Amino acid sequence: DPFVSRAYRELGDELVDQFEHLPVKVEVRTGSGEPYKSSADMRRDVLENNHLYIYATTPETFGPKGVDFTGHPLLEDSGYKDVNGVPLLKNDLLRAVHDYYAHTITPVEFGPKGEEAAWKTHMQMTKSPWARMALTSETRGQNSVVNFGSNAEFNRKNKADTIFADQKA
C-alpha cells in the first residue's frame, strides 16, 4: 500500500535524524534473554555507563514468521554501526531511539503503562504525521501483543523470557 510505505519511509528518515542526536553508545546484544531485568536497569546503564543494549534486527526476525518483508523501509541499512562495528538497520535505530528517549525519560517500568508513556514521549519528537502513523503501529502494536495478547500471562511471570510480537509463541 503506497500510504503505508510512505509512513514507514518517513519514519525511517526521522529515525536516522533522531539517532544522529543520540548521546549514548549503542551495542547490539548477542545471546538470549533480556539484557535488562527492568527499565530501571536500562536507565542505570544509560546514566552510569553511557551505554544502551538493543537486539539486532534481521530479515528473519522482523515481523511474523513466514511473511516476506523484502523492501520494507525499516529493513534498510541506516548507514550507522554500533560500538563494535555491527551495521544497524533502520529498525535497530527505532529500538535504540525509542528505548533511549522514550524509556529513560519516564520512570514508569516496562509494561502496559510504561509502553504507553514511551509512545507518548516518542510521538512528541516525531514531526511527520506519516511517521507518527508508522510509529504508533510499531510501538502500540508491540505493546498490545506483548502485554495483552495470547502470551501476556507468560510475559508477566517470565519477564526475562518475554515473547515479543516479532517472535513465535
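Heads up: the structure comes first, above all this text.
Because the structure is a prediction, the values reported are computed rather than measured. (Residues numbered from 1 in each chain as written. Predicted model: local features only at pLDDT ≥ 70, side-chain atom pairs only at ≥ 80, totals over all residues. Heavy atoms only, no water.)

1. Some remarks on helix 3 (residues 90–103)
Heads up, the rule is: Runs of E in the DSSP output that reach at least two residues are strands. Runs of H or I that reach at least four are helices, and both are numbered from the N terminus. One less than the number of residues in a helix, times 1.5 Å, gives the span that helix is expected to have. For the exposure calls, accessible area comes from a 1.4 Å probe over protein chains only, and a residue counts as buried if that area is under 20% of its type's maximum, exposed if over 50%, partly exposed in between.
An ideal rise of 1.5 Å per residue puts 20 Å on 14 residues; helix 3 measures up with 19 Å between its terminal C-alpha atoms. By the criterion of burial, helix 3 is predominantly enclosed, with 13 of the 14 residues buried.

2. Section: the pattern of salt bridges
Operational definition: Here, a salt bridge means any side-chain nitrogen of Lys or Arg that lies within 4 Å of a carboxyl oxygen of Asp or Glu.
In total, this model carries four salt bridges according to the counting rule given. Here Glu76 and Lys90 are joined by a salt bridge, their closest N and O atoms 3.1 Å apart. Of this pair, Glu76 sits in the loop between strand 2 (51–55) and strand 3 (77–81) while Lys90 is found in helix 3, placing the two residues 14 residues apart along the sequence. One network of salt bridges, in which partners are shared, links Asp13, Glu76 and Lys90.

3. Comments concerning the packing of aromatic side chains
Quick note on the threshold: Only the six-membered ring of Trp is used, alongside the rings of Phe and Tyr, when aromatic pairs are assigned; centres must lie within 6.5 Å, and planes under 30 degrees apart are stacked while those over 60 apart are edge-to-face, with the rest tilted. As a reminder, the over-ring test applies to NZ of lysine and CZ of arginine, requiring each to be within 6 Å of the ring centre and within 35 degrees of the ring normal.
Counting across every chain of the model gives five aromatic pairs. Judged by centre distance (6.1 Å) and plane angle (55°), the ring pair of Tyr36 and Tyr53 falls under tilted. One end of the pair, Tyr36, is in the loop between strand 1 (25–29) and helix 2 (39–49); the other, Tyr53, is in strand 2, and 17 residues separate them in sequence. Classification of Tyr36 as buried rests on a relative accessible area of 11%. Using a relative accessible area of 26% as the deciding quantity, one classes Tyr53 as partly exposed. Ring plane angle 90° and centroid distance 5.2 Å describe the contact between Phe62 and Phe69, whose orientation is recorded as edge-to-face. Given the relative accessible area of 7%, Phe62 is considered buried. Taking the relative accessible area as the measure of exposure, Phe69 reaches 21% and is therefore partly exposed. The positively charged end of Arg29 is found above the aromatic ring belonging to Tyr53, 5.8 Å away from the centroid.

4. Here we look at the pairing of strand 3
Using the following cut-off: A pair of strands is considered paired only if DSSP assigns at least 2 bridges between the two.
As defined by bridge partners, strand 3 adjoins strand 4 (residues 87–89) across three bridges and the pair is classed as antiparallel. Pairing of Lys81 across the sheet is with Pro87, part of strand 4. Taken together, strand 3 and the strand that follows it, strand 4, pair antiparallel across an intervening segment of five residues, in which Gly85 is found at a positive phi of about 85°.

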